[in-house]
Amino acid sequence: MPSIVETRNLYKSFGSFKAVNGLSFSIEKGDVYGFLGQNGAGKSTTMRMIMGLIFPDSGEIFINGETFNNSKRHLLKNIGAVIERPDMYGYLSGWDNLRIFAALSDKNITKARLHEVLEVVGLTGREKDKVKAYSQGMKQRLGIAIALVHQPDLLVLDEPTNGLDPQGIAEMRQLINRLSGDLGKTVMVSSHLLHEIEQVATGMLVIHKGKKIVSGKVKDLLNPDETLVSVAVTNDTHFVEKLNQSQWGKMMERTTSGSATFKMNPSVIPDLNKWLVEHDFRVKEIKSEHSLEAYFLSLTHDTDTQN
Amino acid sequence: MIQILRIEIYKIFKRPRTYISFGIVLAITLVIQLALFSDGKEFLGFFMQGINEQFDVQGNILNGYLVAYVILHSLLMQIPLLVALVAGDSLAGEANLGTLRLLLTKPISRTKLVLMKFLSSFIYTLILIIWLAIVALFVSMLLFGTGDMINIKSDSFVVILQNDVMWRYLLAFCFATLAMTTIASLSLLLSAFADNAIGPIISTMGIVVVMTILCNLQLPVFNHIIPYLFTPHMVGWKGFFDDPIPYAAIGRSAITLAAYTIVFLAATIYYFNKKDIKS
C-alpha cells in the first residue's frame, strides 16, 4: 500500500521545549490512523506540521510521495483537517462558512455538494443559522463538513471529540467509521482518550514526549491475551495459594489480600468465575482493565523509566 | 486570487464592526456641520479678524467647500484609527478567532493571503474615504451651498475660485487614500505579529501619535529624523488647497508614503511566511 503521508525525522522545539523529537511514521491509504498520546505529547504539533501551519526545525514530510513545504501548499488540496477546536466565523451562517472554505479549496464545488456534505454530518436544516448559535457538537460537525467538502483523500482530525457530550462522542465515532467504511477516506485521528482510538483506528502510533513509542496495526499491537483482568473476593483465606496451585497461577500478574490480577484473554473470564465459585470463593468483583489503557500506560511508564 | 479577495471583502462587510467606522465618520461630520450651521459666523469671524481689517470679503464664505476642509482637518487622527480597526484585525483577528488555522489548512499560499488581506483593507479604506467625501463634501455643499473657497492659514490665506475647487478635492481624497493605505499596511504588519486585534490597533495609533508629537515638537534633536517619518507626509493633501500647488513636495510625500507601504507589506509577507501558527 502506498503512503498518503510520511514523516521522516521530524523535529520541532519551542524554546527549550522539544515538542516533536525525531518522529517518523507513515500512513497508508485507507487506514484510520490513530495518533495516541497524552496532552502535550506532540500530537497537535505534528498534525500542524503536516498541514503546513508550523514549520519543522528539521526533517521531511511527504504527501502522496512528494516533499511538502511552504512552497508546495497545493499538496494540501487533497487533505481536509480540523485542528484542535473547530473555530469559524461566528457572525456568518454555517452555510456561509462552508461556502467560504469550500471556495478556498481550489476545487470546483457545486451547491449540490455543499448540501450533500451537510447531510453527511447531519446539519441539514440548520445551515442558515449563525455559527455563534451552534452547540460545540454542531461546530465540530461543521468543521468536519468543511474538511470533507472538497472530497479529500485524507482527513486529519485533531481531538475531534473534545468538548462533546457522550452522545456527540458516539456520533463522531460513527461518522469516522462511516468516512472510512462508506466513503473510503484515509483518516488520521488524534486523541488522548485511549478507548476512542481502539474503537475507530486500524493503525496507530503512540507518541510520548515528542517521540514515537510504538506504531503498527491496532489488532497486532493490542493482543487480547494481554488483557488485564482483576478479581476481588470477600473470603480471602488461601485465595492466593489455591490460585497458584491452579491453571490460573501462570496467568497471575500481581496479588493483594483478597484480590488478584491476571493477564489473560477476556473470553476465559466465565471459566475463571466458575472455578472461583466451585472453590467457595465469594466473588465481589471481576473487572477487565482496558487493554489499550494498560498497554499505553506500560509503554509510557517504560519510556519515563528509561529517561 | 480574485476568489480570496472576494471572500475577504465579503467577510469585512458582513461584520457589524465595519459599519461602526462609517457611523463614526457620519456622526463626527454631522456634529461639525451642525456646530458650523449654528455658530459658523462667529467661528469664521474669529479666523477672519486679520483678513477683514485689510480686505473687503463678500459672498458665501462659510460654504460647503470650507466646511469640508474644516471637517477633513478635524478627522486627522480619527480616520487612521478607523482604518486600523479593520486592517489591524485582518490577521490578528483571524488568529484570535482561530479561523487563521482553518484558512491555512487550505491550499492557498501565505503570500497570496497577505496580499489579499492588504487589498481588501485598501478597498475598505477607499470606500471609507469615498463615504467621507460624500458626507463631508457633498452633504456640506447641500447644507451650506457653494462659493469661492477661502483657505485660511496661520500667516496667510488663499482664495480658490468656485470652479477651481472640485478637482482639488478629488486629488486631496486620492492622496488621503494613499496616506490611509500606508496606515493600513502598518496595521497589517503589526497584525501579523499578534494573535489579538487590540494590540495592532493600539500599536498603530501609538506609532502615529508618537510620530506626530515628534514632528509637532520641532525640537532640533529630532530634526534629522523627521523627514524620514511618514506622518508629516500624511497631511500632504493640504497642498492641493495652496496657490501655487507645491507639486514637488506633494510628489515627495506621495513617494515616501508609497515606499513605506511597500516596505510594510514586504515585511508582513516575509514574516508571515515564516510564522508558526500556534493559535
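The structure displayed is predicted, hence computed values, not measured ones. Position numbers for residues count from 1 along each chain, tracking the sequence in the order it is written. Going through the entries in the order they are written, you letter the chains from A and number the ligands from 1. Selection of residues for local features in this predicted model requires a pLDDT of at least 70, selection of side-chain atom pairs for listing and counting requires 80 or more, and totals for whole chains, interfaces and linings are taken over all residues.

The next point concerns the overall build of chain B. By definition, any uninterrupted DSSP run of H or I lasting at least four residues is a helix, any uninterrupted run of E lasting at least two residues is a strand, and each is numbered from the N terminus. What chain B contains, in helices and strands, is 11 helices and two strands. Counted from the first residue to the last, chain B has its helices and strands arranged as α-α-α-α-α-α-α-β-β-α-α-α-α. In terms of C-alpha radius of gyration, chain B reaches 21 Å, essentially the compact-globule figure of 19 Å for 279 residues. The C-alpha extent of chain B, read off along each of the three principal axes, is 70 × 45 × 25 Å. As a rule, residues whose C-beta atom has 12 or fewer other C-beta atoms within 10 Å are exposed, those with 20 or more are buried, and those in between are partly exposed; C-beta atoms are placed from the backbone. For chain B, the proportion of its 279 residues judged to be buried stands at 41%. A pair of residues counts as a contact when their C-beta atoms, built from backbone coordinates, are within 7 Å of each other. For chain B, contacts bridging at least 24 residues in sequence account for 79% of all contacts bridging at least 6. C-alpha atoms define the radius of gyration in this analysis, and the globule rule sets the expected value at 2.2 Å times the number of residues to the power 0.38.

Turning our attention to the interface of chain B and chain A. The interface is formed by 22 residues belonging to chain B together with 26 residues belonging to chain A. Among the elements that line the side of chain B that touches chain A, the one with the most residues is helix H1 (residues 2-14) of chain B, at five residues. Residue composition of the side of chain B that touches chain A, by class: nine nonpolar, six polar and seven charged. Side-chain classes are defined by residue name, with Ala, Val, Leu, Ile, Met, Phe, Trp, Tyr, Cys and Pro counting as nonpolar, Asp, Glu, Lys and Arg as charged, and the others, Gly among them, as polar.

With omega at 0 degrees, the peptide bond leading from Asp-243 of chain B into Pro-244 of chain B counts as cis. Mapped onto the elements of the fold, Pro-244 of chain B is located in the loop between helix H10 (231-234) and helix H11 (247-272). The phi dihedral of Asp-106 of chain A is positive, around 65 degrees, even though this residue is not glycine. Relative to the elements of secondary structure, Asp-106 of chain A occurs in the loop between helix H2 (94-103) and helix H3 (111-121). The exposure class assigned to Asp-106 of chain A is partly exposed, which follows from the 15 C-beta atoms found within 10 Å. At Lys-209 of chain A, a position not held by glycine, the phi torsion is positive, near 50 degrees. For Lys-209 of chain A, the location among the structural elements is in the loop between strand S9 (203-208) and strand S10 (211-217).

Now for the sheet that holds strand S5 (residues 66-67) of chain A. Pairing is antiparallel in the open sheet, where four strands are placed in the order S2-S1-S4-S5 (chain A). Two strands in the sheet have a free side with no partner beyond their single neighbour: strand S2 (17-28) and S5 of chain A. In this scheme, strands are said to pair when DSSP sees at least two bridges between them.

In plain words, the nonpolar core is the set of buried Ala, Val, Leu, Ile, Met, Phe, Trp, Tyr and Cys residues that C-beta atoms within 7 Å link up. Core analysis: the biggest nonpolar cluster contains 143 residues, and Ala-145, Val-156, Val-187 and Val-189 of chain A together with Leu-66 and Val-83 of chain B have the highest contact counts within it. It is helix H8 (residues 166-193) of chain B that provides the largest number of residues to this core, a total of 14 residues. Look past the residues within four positions of Ala-145 of chain A in its chain and what remains in contact with it is Leu-98, Val-117, Leu-118, Val-121 and Leu-123 of chain A. Leu-228, Val-231, Leu-243 and Trp-248 of chain A belong to the second largest nonpolar core, which has 12 residues in total.

Further remarks concern the environment of Ala-95 of chain B. All names here are of chain B. Within the secondary structure, Ala-95 sits in helix H5 (residues 89-97). On the basis of neighbour count, Ala-95 is assigned to the buried category, with 21 C-beta atoms found within 10 Å. Each C-alpha atom, one on Ala-95 and one on Ser-191, is 9.3 Å from the other, the two residues being 96 residues apart in sequence. Excluding residues that lie within four positions of it along the chain, Ala-95 makes contacts with Leu-100, Asp-195 and Ser-279.

So, about the domain arrangement of chain A. Taken domain by domain, chain A holds domain 1 (3-221) and domain 2 (224-306). Domain boundaries shown here were taken from an automatic or database domain assignment. Computed from C-alpha atoms alone, the centre-to-centre distance between domain 1 of chain A and domain 2 of chain A is 38 Å.

Now for the pairing of strand S7 (residues 154-158) of chain A. All names here are of chain A. In terms of residue burial, S7 counts as a mostly covered element, since five of its five residues are buried. Across the two faces of S7 the burial is the same, with Leu-154, Val-156 and Asp-158 and Leu-155 and Leu-157 all buried. Pairing analysis gives five bridges linking S7 to strand S8 (residues 186-191), with the strands arranged parallel. Counterpart to Asp-158 in the pairing with S8 is Ser-190. In terms of handedness, the path from S7 via helix H5 (residues 166-181) over to S8 forms a crossover that is right-handed. Note on handedness: a crossover is taken as right-handed if, strands pointing away from the viewer, the path from the first strand over the helix to the second is clockwise.

Residues and elements named next belong to chain B. With respect to the helices and strands, Arg-6 occurs in helix H1. For Arg-6, a count of 14 C-beta atoms within 10 Å translates into the label partly exposed. C-alpha of Arg-6 to C-alpha of Gly-93: the two residues are 87 residues apart in sequence and 18 Å apart in space.

Here we come to H8 of chain B. Taking 1.5 Å as the rise per residue, H8 of chain B with 28 residues should run 40 Å; its terminal C-alpha atoms sit 41 Å apart, in good agreement. The buried fraction of H8 of chain B is high, at 21 of 28 residues. Multiplying 1.5 Å by the helix residue count minus one yields the expected span of that helix.

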